[in-house]
Amino acid sequence: MKKHWWHTATIYQIYPKSFMDSNGDGIGDLQGIIAKLDYLQKLGISAIWLSPVYQSPMDDNGYDISDYQAIADIFGDMTDMEELLAQASQRGIKIIMDLVVNHTSDEHAWFIEARQNAASAERDYYIWRDQPNDMLSTFSGSAWEYDDQVGEYYLHFFGKKQPDLNWENEELRHKIYDMMNFWIDKGIGGFRMDVIDLLGKLPDQKIRENGPKLHDYLKEMNQASFGQHDLLTVGETWGATPEIAQQYSNPDHQELSMVFQFEHIGLQHKPNRPKWDYADGLDVPALKRIFNKWQTQLPLGEGWNSLFWNNHDLPRVLSIWGDTGSYREKSAKALAILLHLMRGTPYIYQGEEIGMTNYPFESLEQLEDIESLNYAKEALANGEDMDGIMDSIGAVGRDNARTPMQWTAGKQAGFSNSDHTWLPVNPNYTDINVAAALEDQNSIFYTYQRLVALRQESGWLVDADFELIDSEEKVFAYRRSTKSASYLVVVNLSDQMQEVKLTCPVKEVVIANTDLDQVIATQTLGAWDAFCIRVV
Ligand code: ISL
Ligand code: CA
């Protein structure tokens, strides 16, 4: 198998509005990111996945793009972007751009022209129908919106200001590939592809994900843009099975490097229920089953995994599955060790490396997220009570991940000089912040730093096979073996003591958040104990 740089890379996701504000307007920006590159270099990551920074009316924080080749004013301009690329490159860090091409903003020049001019080529870049069907938008309500100017309905799988592009139009497809080449020529490290599994949509047949032409489009895209370059491409695919993930990521297929699968994230809500009907606590046996499946059904050379707990759409993992009380640091390290020693490319979401938690949201006024606000509106209209709605949003709403990065114990957590930030700073910033983490040699940060370094140094993390080990219900244990070595990873996903049978000789402690001698002497795991040892 040909090895690529991303096989040994760890990627760090930045949500630009919330990372670092350099000019005191309360919103993060590109110069803010540049100012923090030394910090990221210290963490050791190979690349930044940059959530969208393109020109946008920001109805969905940049996932509604009005110009793919311009930078949003709030973030800076193209000169800042080029400076970011250059400064990052000097530190050995690549920039992965967010490619949002299932839809544009309704303020994109294409949509404006499409609306105004029935004879324009752009009219067919979007999806128009005389009559809507009953397909729904991810952000509540119908997926169809009537347009007065056109006298027809357009499709929008997300917000009304995010009209879906018509990928059956060949001219449109090539405009997108040209735009991708514009960014490739600027020296980017790859693309994270937003809701990529929707490109083959066939709304008349009510097909959203995995339409029949999807993989033809991706092969065409690969050939027309990134295929000749050593770039990382990762598709966001909510409904992927290991089989589907192989279709995308088998190197012979010449599509993508990897996809984000969300099967484990599905455990955050009750089975077959909307995300707002969230599940209390983590179903550890189910998590084991799911990771075992993904680790064993994407064999080396036939596909590649991505590994993540968090992103800008998800609750903070410590709040939903870890411990935000006295075991905050211990559980954060345990979850990190569990994830980062599996096969795949790990992703860290900003703030995860210092153990940031959900925000204690109390009212709708504190929120910005279109998905949460639309949900609240719809639920209220259906007679649901406000307490329940706020409870759901507080647990799984997207703004939890989007509050400002906590840098220091000073004003606005060191994120901004402004008295008003676009989302409020989590009040726990006085305890949880980067400055404190860097000072404490035992902090979560240094566990992540070690895991990132291990990923770079340890060929076995790529090559070794994966075997789930039978263990106590709340203990996740697995073995990774190559021809010459064998590693054991054991993690207690609870705050209860657990029995463990550790009879093999310890050749080397690779990483641990606990006193291993104690574990061996007592054959007992303490709350959230986690370690990796070499046993052969
Ligand atoms: O966040 C979600 C589930 O909790 C979905 O509602 C989300 O919209 C879906 O994961 C797709 O996400 C991507 O596309 C959206 C954008 O709002 C998300 O931020 C992005 O990650 C539309 O572009
Ligand atoms: Ca700013």
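Everything numeric here is computed off the predicted structure, so don't read it as measured data. (Residues numbered from 1 in each chain as written. Chains lettered and ligands numbered in written order. Predicted model: local features only at pLDDT ≥ 70, side-chain atom pairs only at ≥ 80, totals over all residues. Heavy atoms only, no water.)

Provide a residue-level description of the environment of Q261, including the pertinent values.
Of note, Q261 is situated in the loop between β11 (258-260) and α8 (284-296). The spacing of Q261 and V475 is 214 residues in sequence and 23 Å in space, taken between C-alpha atoms. If sequence neighbours within four positions are ignored, Q261 has contacts with T237, W294, S306 and F308. Of note is the side chain of Q261, whose polar atom sits 2.6 Å from the backbone nitrogen of E263. (Helix = DSSP H or I, 4+ residues; strand = E, 2+ residues; numbered from the N terminus. Contact = heavy atoms within 4.5 Å. Polar contact = N/O pair within 3.5 Å; in protein donor to acceptor, adjacent residues only side chain to side chain.)

How would you sum up the environment of V434? Please name residues and give values.
Along the chain, V434 turns up in helix α13 (residues 434-439). In the structure, V434 is positioned 11 residues away from F445 in sequence and 8.2 Å away in space, judged by C-alpha atoms. Beyond its immediate sequence surroundings of up to four residues, V434 is in contact with Y39, I354, M405, Q406 and W407.

Just give me the short version of the coordination of the calcium ion (ligand 2), but keep the residues and values in it.
Surrounding the calcium ion (ligand 2) are the protein donor atoms D21 (OD), N23 (OD1), D25 (OD), I27 (O) and D29 (OD), which sit 2.2 to 2.3 Å from the metal. For D25, a relative accessible area of 34% gives the class partly exposed. (Donors = N, O, S within 2.8 Å, 3.2 Å for Na, K, Ca; no water. Buried < 20%, exposed > 50% of the residue type's maximum accessible area, 1.4 Å probe, protein only.)

Tell me about the sheet that holds β11, and name the residues and values.
Spatially, β11-β10-β9-β5-β2-β1-β13-β12 is the arrangement adopted by the eight strands of the open sheet, whose pairing is parallel. Edge strands, defined here as strands with exactly one partner in the open sheet, are β11 and β12 (306-307). Taken together, the four bridges between strand β5 (residues 94-99) and strand β9 (residues 190-193) define a ladder with parallel strand orientation. Opposite I96, over in β9, you have G190 as the bridge partner. Relative to the sheet, helix α5 (residues 170-185) contacts β5 and β9, its axis offset from that of β9 by approximately 135°. (Pairing = 2+ DSSP bridges. Axes fitted to C-alpha atoms, helices over the stretch in contact; angles between N-to-C directions.)

Help me get a handle on a negative patch on the surface, residues and values and all.
On the surface, a cluster of negative charge is made up of D280, E378, E384, D385, D387 and D391. Position of E384 among the secondary structure elements: in the loop between α11 (370-381) and α12 (386-396). (Patch = residues over 30% accessible without salt bridge, like charges linked within 9 Å, V, L, I, M, F, W, Y side chains within 5 Å. Areas by Shrake-Rupley, 256 points an atom, 1.4 Å probe, with all protein chains shown as cover. Salt bridge = Lys/Arg side-chain N within 4 Å of Asp/Glu carboxyl O. Lys, Arg positive; Asp, Glu negative; His and termini not counted. Charge placed at Lys NZ, Arg CZ, Asp CG, Glu CD.)

Outline the pattern of salt bridges, supporting the account with residue identities and numerical values.
All told, the structure shown has 30 salt bridges when counted by the stated rule. Of the charged contacts, one joins R173 and E220 as a salt bridge, the two residues approaching to 2.6 Å between their closest N and O atoms. One end of the pair, R173, is in helix α5; the other, E220, is in helix α6 (residues 214-224), with 47 residues separating them in the sequence. Residue E220 is classed as partly exposed on the basis of its relative accessible area of 22%. Linking K270 and D277 is a salt bridge whose minimum nitrogen-to-oxygen distance equals 3.4 Å. The partly exposed category is assigned to K270, whose relative accessible area is 39%. Connected through shared salt-bridge partners, D60, K275, D313, D369, E371, R398 and R402 make up one network.

Describe in detail the pairing of β5, supporting the description with residues and values.
Counted residue by residue, β5 has five buried out of six residues, so it is predominantly covered. In this structure, strand β2 (residues 47-50) lies alongside β5, joined through four bridges in parallel fashion. Each bridged residue has a counterpart across the sheet, and for I48 the counterpart in β5 is I95.

Residues and numbers for unusual backbone geometry, please.
Even without being a glycine, N272 presents a positive backbone phi close to 60°. Structurally, N272 can be placed in the loop between β11 and α8. A positive phi is found at Q523, a non-glycine position, where the angle reads about 50°. Inspection of the secondary structure assignment puts Q523 in the loop between α16 (516-522) and β19 (524-525).

So what about the sheet that holds strand β18 (residues 508-512)? Which residues, and what values?
In spatial order, the strands read β14-β15-β16-β20-β18; together these five strands make up an open sheet with antiparallel pairing. Of all strands in the sheet, those bounded by a partner on one side alone are β14 (465-469) and β18. Taken pair by pair, the neighbouring strands of this sheet meet at an average axis angle of 20°, ignoring direction. Both strand β16 (residues 486-492) and strand β20 (residues 530-534) contribute to a ladder of five bridges, which runs antiparallel. Within β20, the position partnered with V489 by the bridge is C532.

Such coordinate-based values are descriptive only and should not be taken to indicate function.
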